[in-house]
Amino acid sequence: MMIRLARAALYAVLPAELLVAILLVSGVRLPGPVFAVTEAVVALVFVLEAATAYRLFRAARRRGADRRAALRETLHHLVPMPVRRIMGFELRSLASVVLWMARRRQGVPRGATAASYAREQTPMLLMMLFAMIVETVAVDLLLGAFDVPAGVRVPVLLIDVYGVVIGLAYAASSVTHPHVVTAGELRVRHGVHLDVRVPRDRIASVRASRKYDERGMITVAGGTLAVAVSSQTNVTVELTGPLTVTRPLGSQVEVTTIRFFADDPATVLNALKSHEFSTP
């Protein structure tokens, strides 16, 4: 109960504190009582967060966890899984930019076959990034023309620039995290957001099968996982039984069929055949 209260209080107070900071930097004078009450509430919330975190940390330590494990457990209790996963996606996406600049790929061991899927979506991503850059410049010029205070203009600019960086990071993650076929498994990925490992002995059949009407990038319906690029998939893998898959925000589902897109589906089929797997 106390953990849920701490979460709710934190997520309610942080936006309010950010709004107050923007107003103050922009030169807006807040009534004294309003400012005092706001800061008092913020202080109480942080005291509540600190007390809750301390109790969780001490409880983990009493159970025998070391400091790092106790801190990790405390974080997991205070921050919901979807928030943690989104934060992890952004950090790993940013790391993908470094890998992309170094011309390296993540999770492709020696002797494995990598199957890219970024080529089909690259033109669209480039157009989106160009539009985002134009929008960032245009909005900043517009705010400057209307003499909008720096307290508003700078945060808007930073948010727009961060959006461009994340867009670039998403594109980089698609290049540096290809599908992978090894002697032991088929690894189906979508950037840093999805990583499905399918043991070879769980594959009943695999075939080229193109669909142009997928309804999303990562969807699950009727026991089928679809990992699409530009609404397309072109490889279908039938499994010998249900496989548990972790979706991007942490929920788990069981699937018996996986459809995904590869720039060259023959690369996947040939790699599977070379490891003594016969397609139907």
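Residues numbered from 1 in each chain as written. Predicted model: local features only at pLDDT ≥ 70, side-chain atom pairs only at ≥ 80, totals over all residues. Heavy atoms only, no water.

What to know about the packing of helix H5 (residues 122-145) against helix H6 (residues 150-176)
Piece 1. Their axes nearest at 10 Å, the elements H5 and H6 cross at an angle of 175 degrees. One way to sum up the angle between H5 and H6 is to call them roughly antiparallel. On H6, the residues touching Leu 125, Leu 129, Met 132, Ile 133, Glu 135, Thr 136, Val 139, Asp 140, Leu 143 and Gly 144 of H5 are Arg 153, Val 156, Leu 157, Asp 160, Val 161, Gly 163, Val 164, Gly 167, Leu 168, Tyr 170 and Ala 171.
Piece 2. Residue composition of the contact of H5 with H6, by class: 13 nonpolar, 4 polar and 4 charged. (Axes fitted to C-alpha atoms, helices over the stretch in contact; angles between N-to-C directions. Helix = DSSP H or I, 4+ residues; strand = E, 2+ residues; numbered from the N terminus. Parallel < 35°, antiparallel > 145°, perpendicular 65-115°, else oblique. Contact = heavy atoms within 4.5 Å. Nonpolar A, V, L, I, M, F, W, Y, C, P; charged D, E, K, R; others polar.)

Some details on the pairing of strand E8 (residues 233-246)
Piece 1. Across 6 bridges, the pairing between strand E5 (residues 203-211) and E8 is antiparallel. If you follow Val 206 over to E8, its bridge partner there is Val 237.
Piece 2. Between E8 and the antiparallel strand that follows it, strand E9 (residues 252-260), lie 5 residues; Gly 250 among them carries a positive phi value of about 110 degrees. (Pairing = 2+ DSSP bridges.)

Re the packing of helix H4 (residues 81-101) against H6
Piece 1. Where H4 meets H6, the axes come as close as 7 Å, and the angle between the chain directions of the two elements is 65 degrees. Classified by the angle their axes make, H4 and H6 are roughly perpendicular. Our pair here, H4 against H6, has a crossing hand that is left-handed. From H4, Glu 90, Ser 93, Leu 94, Ser 96, Val 97, Leu 99 and Trp 100 reach across to H6, where they touch Tyr 162, Val 165, Ile 166, Ala 169, Ala 172, Ser 173, Val 175 and Thr 176.
Piece 2. Here the contact of H4 with H6 is built from residues that sort into 10 nonpolar, 4 polar and 1 charged. (Left-handed = near helix turned anticlockwise from the far one by under 90°.)

Points about the pattern of salt bridges
Piece 1. The full count for this structure, using the stated rule, is 7 salt bridges.
Piece 2. Arg 63 is paired through a salt bridge with Glu 73; the nearest N and O atoms lie 2.0 Å apart. Of the two residues, Arg 63 is situated in the loop between helix H2 (32-62) and helix H3 (67-78) and Glu 73 in helix H3; the sequence distance between them amounts to 10 residues.
Piece 3. Assessed through its relative accessible area of 24%, Glu 73 is described here as partly exposed. (Salt bridge = Lys/Arg side-chain N within 4 Å of Asp/Glu carboxyl O. Buried < 20%, exposed > 50% of the residue type's maximum accessible area, 1.4 Å probe, protein only.)

Some details on the sheet that holds E5
For sheets, the rule is that strands pair by backbone hydrogen bonds, running either parallel or antiparallel.
Piece 1. With mixed pairing, 5 strands are arranged side by side in an open sheet as E5-E8-E9-E7-E6. Every interior strand has two partners, whereas the edge strands, E5 and strand E6 (218-221), have only one. Between one strand axis and the next, the sheet turns by 35 degrees as a mean value, whatever way the strands run.
Piece 2. Where E8 meets E9, 8 bridges bridge the pair, whose relative direction is antiparallel. When the bridges of E9 are listed, Thr 244 appears paired with Glu 254.
Piece 3. Each of E5, E8 and E9 is contacted by helix H7 (residues 265-274), which is oriented at about 165 degrees to E5, the strand it contacts most.

Observations regarding the nonpolar core
Piece 1. Counting residues in hydrophobic clusters, the biggest one holds 25 residues, and the most contacted among them are Leu 186, Val 196, Val 237, Ile 258 and Phe 260.
Piece 2. Those elements giving two or more residues to this core turn out to be strand E3 (185-190), strand E4 (194-199), E5, strand E7 (224-227), E8, E9 and H7.
Piece 3. Among the elements that take part in this core, E8 stands out by supplying 5 residues, more than any other.
Piece 4. Ile 258 has contacts with Val 188, Val 196, Val 198, Leu 225, Val 235, Thr 236, Val 237, Leu 239 and Leu 243, leaving out every residue within four places of it along the chain. (Core = buried A, V, L, I, M, F, W, Y, C linked by side-chain atoms within 4.5 Å.)

Details of the side chain of Asp 263
Piece 1. Looking at the secondary structure, you find Asp 263 in the loop between E9 and H7.
Piece 2. One buried charge, Asp 263, has no salt-bridge partner; the nearest side chain with opposite charge is Arg 119, at 4.4 Å.
Piece 3. Only 3.4 Å separates the side chain of Asp 263 from the backbone nitrogen of Ala 118, close enough to count as a polar contact.
Piece 4. In terms of polar contacts, Asp 263 uses its side chain to reach the backbone amide nitrogen of Arg 119, at 3.1 Å.
Piece 5. Sequence-distant contacts of Asp 263, that is, excluding residues within four places in its chain, are made with Ser 116, Tyr 117, Ala 118, Arg 119 and Glu 120. (Lys, Arg positive; Asp, Glu negative; His and termini not counted. Polar contact = N/O pair within 3.5 Å; in protein donor to acceptor, adjacent residues only side chain to side chain.)

Comments concerning H6
Piece 1. Taking 1.5 Å per residue as the helical rise, H6 with its 27 residues ought to reach 39 Å, and the 38 Å between its terminal C-alpha atoms agrees with that figure.
Piece 2. Gly 151, Asp 160, Val 164, Gly 167, Ala 169, Tyr 170, Ala 171, Ala 172, Ser 173, Ser 174 and Thr 176 are the residues of H6 that are buried. (Expected span 1.5 Å × (residues − 1).)

Re H4
Piece 1. An ideal rise of 1.5 Å per residue puts 30 Å on 21 residues; H4 measures up with 30 Å between its terminal C-alpha atoms.
Piece 2. Among all positions of H4, only Gly 88, Phe 89, Ser 93, Ser 96 and Val 97 are buried.
Piece 3. In the core, the buried residues of H4 are packed alongside H6.

Details of the sheet that holds E4
Piece 1. The antiparallel open sheet is built from 4 strands, whose spatial order is E1-E2-E3-E4. Sheet topology places strand E1 (113-115) and E4 at the edges, where each strand pairs with a single neighbour. Strand-to-strand twist in this sheet, taken as the mean axis angle between neighbours without regard to direction, amounts to 15 degrees.
Piece 2. Note that E1 and strand E2 (residues 179-181) share 3 bridges and pair antiparallel. Bridge pairing in E2 links Ala 114 to Val 180.

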